[in-house]
Amino acid sequence: MPRSAATFRTILRRAGLPAVSIIFMGFFAYSAVLGPNGLLTYGDYKRQLAVRQAELAKLDKQRAQLRNRVALLDPKGADPDMVDELSRKKLNVVHPDEVIIPLD
C-alpha cells in the first residue's frame, strides 16, 4: 500500500469522531432553533395561547348565561316570565293581539 493512502486513512480515522460529534451538535442546535419546539416557534405558541384564551373567555361567558337560564328554570322557584317565554316559544302559542320580535 502506498504511503499516501495510509496517511489518508489515518487522517480519516482521526477526523471521524470529531466529525460525527460536530454533526450531532449541529443537529441538536438546528432542533433547538428551528425544530417543532424551538426558539422560533415560541412566538407562534404565544399567539395560539392568546387565541385560545379569547375562545375560553367567550365560552365562559356562554356558560354563565346558560347557568343563569338553568337557575331561572329551577323547579323549586322557577321565574314565571322565563317559563312563559319558553312555553310560548316551544308550543308556538301566541295571543292574537301580541307582536313577536325575535332577539337573536
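Residues numbered from 1 in each chain as written. Predicted model: local features only at pLDDT ≥ 70, side-chain atom pairs only at ≥ 80, totals over all residues. Heavy atoms only, no water.

Take Gly43: it is sitting in helix 2 (residues 42-72). In sequence terms Gly43 and Arg88 are 45 residues apart; their C-alpha atoms lie 51 Å from each other. (Helix = DSSP H or I, 4+ residues; strand = E, 2+ residues; numbered from the N terminus.)

In this model helix 3 (residues 80-91) runs 16 Å from its N-terminal to its C-terminal C-alpha over 12 residues, within 8% of the 16 Å that 1.5 Å per residue would give. Of the residues one or two after helix 3, Asn92 is the one with positive phi, at around 55 degrees. (Expected span 1.5 Å × (residues − 1).)

Let's shift gears to the pattern of salt bridges. The final tally for this structure, using the stated rule, is 3 salt bridges. The shortest N-O distance in the salt bridge between Arg52 and Glu55 comes to 3.9 Å. Here Arg52 pairs with Glu55, and both are found in helix 2, just 3 residues apart, close to one helical turn. On the accessibility criterion, Arg52 (53% relative accessible area) is exposed. Given a relative accessible area of 40%, Glu55 falls into the partly exposed group. Across the pair Arg63 and Asp60 runs a salt bridge whose closest N-O atoms are separated by 3.2 Å. With Arg63 and Asp60 both in helix 2 and 3 residues apart, this pair spans about one turn of that helix. Take Arg63: its relative accessible area is 43%, and that puts it in the partly exposed class. Note on Asp60: relative accessible area 34%, which makes it partly exposed. (Salt bridge = Lys/Arg side-chain N within 4 Å of Asp/Glu carboxyl O. Buried < 20%, exposed > 50% of the residue type's maximum accessible area, 1.4 Å probe, protein only.)

All right, on to the packing of aromatic side chains then. Summed over all chains, the structure comprises 1 aromatic pair. Ring centres 5.4 Å apart and planes at 65 degrees place the aromatic pair Phe27 and Phe28 in the edge-to-face group. For Phe27, a relative accessible area of 48% puts it in the partly exposed group. (Phe/Tyr/Trp six-rings, centres within 6.5 Å; stacked < 30°, edge-to-face > 60°.)

Residues Tyr30, Val33, Leu34, Leu39 and Leu40 make up a contiguous nonpolar surface patch of roughly 530 Å² in combined accessible area. Taking the relative accessible area as the measure of exposure, Val33 reaches 36% and is therefore partly exposed. (Patch = residues over 30% accessible without salt bridge, like charges linked within 9 Å, V, L, I, M, F, W, Y side chains within 5 Å. Areas by Shrake-Rupley, 256 points an atom, 1.4 Å probe, with all protein chains shown as cover.)

To continue, consider the confidence of the model for the protein chain. Predicted coordinates in areas of low pLDDT are best not read in detail. On average, residues of the protein chain score 84 in pLDDT, and 95% of them are at 70 or above. Within the protein chain, the lowest mean pLDDT, 79, falls on helix 3, and the highest, 92, falls on helix 2. (pLDDT = per-residue confidence, 0-100.)

This paragraph deals with the layout of surface pockets. A volume near 590 Å³ is recorded for the largest pocket. For the largest pocket, the lining is made up of 16 residues, of which Glu85, Lys89, Ile100, Ile101 and Pro102 are closest to its centre. The element that contributes the greatest number of residues to the lining of the largest pocket is helix 3, accounting for 5 residues. Tallied by class, the residues present in the lining of the largest pocket amount to 7 nonpolar, 1 polar and 8 charged. (1 Å grid on protein atoms, 1.4 Å probe; cavity = no way out; pocket = protein on both sides within 12 Å on 5 of 7 lines; lining within 4 Å. Points joined across faces, edges and corners; volume = space filled by probe spheres on them. Nonpolar A, V, L, I, M, F, W, Y, C, P; charged D, E, K, R; others polar.)

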